[in-house]
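Each chain, written out:
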Amino acid sequence: MKLRVVNESDVLDTVIVGTAASMGGTPTVAESYDPKSKEHIRAGTFPTEDDCQRELNGLASLLESQGVRVLRPNTLQDVNQLFARDVGAVVEDRLVATRMIEDRAAEWEGIAPLLSGVSESHLLRPPAGVRIEGGDVMPMNGELWVGYSAPEDFDTYTTSRTNEAALDWLSDQFPDWNVRGFQLTKSDEDPRANALHLDCCLSVLSGGHALVHLDGLKLAEDRAFIEAHFKGQMHGVDAQAMYDMQCNLISITPLDVVSCPSFESVNQQLETWGYHVHATPMKETAKMEGLLRCVTMPLHRKA
């Protein structure tokens, strides 16, 4: 299997799309590890397996209709395998098999069989002490943007998924890339004040455009960098829109973006910028604080 990902928008050739085939029913609040899931558990509105599987199958069919090769994880009994992106991230021609929180470690077993054609030298496994999830890893043509939490937040919040040690480790693995870290705003109880991963508050598009919830970035200097980097080519969204996952989109080609029908303002802005929007419903999946980028793990993007 050929691996290649150097940015967020080259033509998507091969991708893993998550599955809800046996997601284990509704967890208890104590078993949940993100504030949006907790909110829906308490409200009795946590998504059903059937609804999530219908949404994921719809996304897979949309991608296949656009010529994308879609792989699905092997189903593990009573394991939530929706968010394939967090299990691994391809950078250049290597896959970082991410080190997730203990509650999610089993998800790798569903992905691993799909990677049997990848040589061991192209699989990177973080050592003990390095914690990283794929939603925090964003290849940017020679720069690797990484969402993370400094020690005081990482030791406090369950929603802190990537630690500072990951920045140094990634720099060692990809010495030709500039690793740029962005501290994220975290909350274990308020989903509107929690950027679970970098891709929950930032979506980067091919034409130098970005969708961003700036308050998802904890530090003023990081917010200033994003504003300067995108120089007026940025569409800001508020805390409610981040909660709805309107920054969590995926590009199929430089000009084709997958979004959701209800994201009216974002979709209008994308079209104004010249992108073609492919809309597919994902509102049930979004109740678990992840969406289109989270449920997809690109393995190969063509230059």
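Along each chain, the written sequence defines residue order, and numbers are assigned to residues from 1. Reporting of local features is limited, given that this is a predicted model, to residues whose pLDDT is at least 70; pairs of side-chain atoms are given and counted only at 80 or more, and all residues count toward the totals for whole chains, interfaces and linings. To obtain the side-chain values, all non-hydrogen atoms of the structure were used and water was disregarded.

Here's the deal with the overall build of the protein
Here is step 1: Where helices and strands are cited, they refer to DSSP runs of H or I of at least four residues and of E of at least two residues respectively, numbered from the N terminus. Per the secondary structure count, the protein includes eight helices and 15 strands.
Here is step 2: We take the radius of gyration over the C-alpha atoms and set the globule estimate at 2.2 Å times the residue count to the 0.38 power. Scaling as 2.2 N^0.38, a compact globule of 303 residues should have a C-alpha radius of gyration of about 19 Å, and the protein matches this with 17 Å.
Here is step 3: The classification of residues rests on relative accessible area computed with a 1.4 Å probe and restricted to protein chains. Under 20% of the type maximum is buried, over 50% is exposed, and intermediate values are partly exposed. In the protein, buried positions account for 59% of the 303 residues.
Here is step 4: Looking at the protein alone, contacts between residues at least 24 apart form 75% of all its contacts between residues at least 6 apart.
Here is step 5: Each accessible area value is a Shrake-Rupley result obtained with a 1.4 Å probe; residue values ignore everything except the protein chains displayed when judging cover. Accessible surface computed for the protein: about 11700 Å², of which carbon and sulfur atoms make up 47%. By definition in these notes, contact holds between two residues if any of their heavy atoms fall within 4.5 Å.

Details of the packing of aromatic side chains
Here is step 1: For Phe, Tyr and Trp, where Trp contributes only its six-membered ring, two rings pair if their centres lie within 6.5 Å, and the inter-plane angle classes them as stacked under 30 degrees, edge-to-face over 60, or tilted in between. Under the defined criterion, the tally for this structure stands at four aromatic pairs.
Here is step 2: Relative to Phe-230, the ring of Trp-145 lies with its centre 6.2 Å away and its plane at 80°, an arrangement referred to as edge-to-face. With Trp-145 in strand S7 (residues 143-148) and Phe-230 in helix H6 (residues 220-230), the pair connects residues that are 85 residues apart, well separated along the chain. For the pair formed by Trp-145 and Phe-230, the shared burial category is buried.
Here is step 3: An aromatic cluster is built from Trp-145, Phe-182, Phe-225 and Phe-230, whose rings are joined through pairwise contacts.
Here is step 4: Sitting over the ring of Tyr-243, Lys-36 keeps its end group 4.2 Å from the ring centre.
Here is step 5: Above the ring of Tyr-243, the side-chain terminus of Arg-192 is found at 3.8 Å from the ring centroid. Only lysine NZ and arginine CZ atoms are considered, and such an atom sits over a ring when it is within 6 Å of the ring centre and within 35 degrees of the ring normal.

Remarks on the sheet that holds strand S2 (residues 69-71)
Here is step 1: Any two strands are treated as partners once DSSP identifies two or more bridges connecting them. Ordered in space as S2-S1-S15, the three strands form an open sheet in which the pairing is mixed. Looking along the sheet, the strands with just one partner apiece sit at the ends: S2 and strand S15 (296-302). Here the average twist between neighbouring strands, direction ignored, is 20°.
Here is step 2: The pairing of strand S1 (residues 11-17) with S15 spans six bridges and is antiparallel. Simply put, an axis is a line fit to the C-alpha atoms, just over the touching stretch for a helix, and the angle between two N-to-C directions goes from 0 to 180 degrees.

Points about the pattern of salt bridges
Here is step 1: Salt bridge, as applied in this entry: a Lys or Arg side-chain nitrogen positioned within 4 Å of an Asp or Glu carboxyl oxygen. In this structure the tally under the stated criterion is 13 salt bridges.
Here is step 2: Residues Lys-302 and Asp-13 are paired through a salt bridge, measuring 3.9 Å at the closest nitrogen-oxygen approach. Of the two residues, Lys-302 sits in strand S15 while Asp-13 sits in strand S1, which places them 289 residues apart along the sequence.
Here is step 3: Two residues, Glu-120 and Arg-125, come together in a salt bridge whose shortest N-O distance is 2.4 Å.

Thoughts on the pairing of strand S13 (residues 256-259)
In the case of a regular strand, side chains alternate between the two sheet surfaces.
Here is step 1: Burial along S13 is two-sided: the residues Asp-256 and Val-258 and Val-257 and Ser-259 are all buried.
Here is step 2: For strand S12 (residues 250-253) and S13, the ladder comprises three bridges, and the chain directions are antiparallel. Across the sheet, residue Thr-253 finds its bridge partner in S13, namely Asp-256.
Here is step 3: The antiparallel pairing of S12 with S13 creates a hairpin that spans two residues between the two strands.

Some details on the side chain of Glu-8
Here is step 1: Inspection of the secondary structure assignment puts Glu-8 in the segment before S1.
Here is step 2: Under this definition, polar contacts are N or O atom pairs within 3.5 Å; protein pairs additionally need one hydrogen-donor-capable and one acceptor-capable atom, and for neighbouring residues in sequence, both atoms have to be side-chain atoms. A distance of 2.7 Å separates the side chain of Glu-8 from the side chain of Arg-293, its partner in a polar contact.
Here is step 3: If near-sequence neighbours (up to four positions away) are discounted, Glu-8 is found in contact with Arg-85, Met-138, Pro-139, Val-204, Ser-251, Arg-293 and Arg-301.

A closer look at the environment of Asn-178
Here is step 1: Counting through the fold element by element, Asn-178 comes out in strand S8 (residues 178-183).
Here is step 2: The class of Asn-178 is partly exposed, set by a relative accessible area of 38%.
Here is step 3: The spatial distance from the C-alpha of Asn-178 to the C-alpha of Met-140 is 9.5 Å, given a sequence separation of 38 residues.
Here is step 4: Those residues in contact with Asn-178 that sit more than four places away from it in its chain are Gly-142, Glu-143 and Leu-144.
Here is step 5: Of the polar contacts made by the side chain of Asn-178, one reaches the side chain of Glu-143; its length is 2.8 Å.

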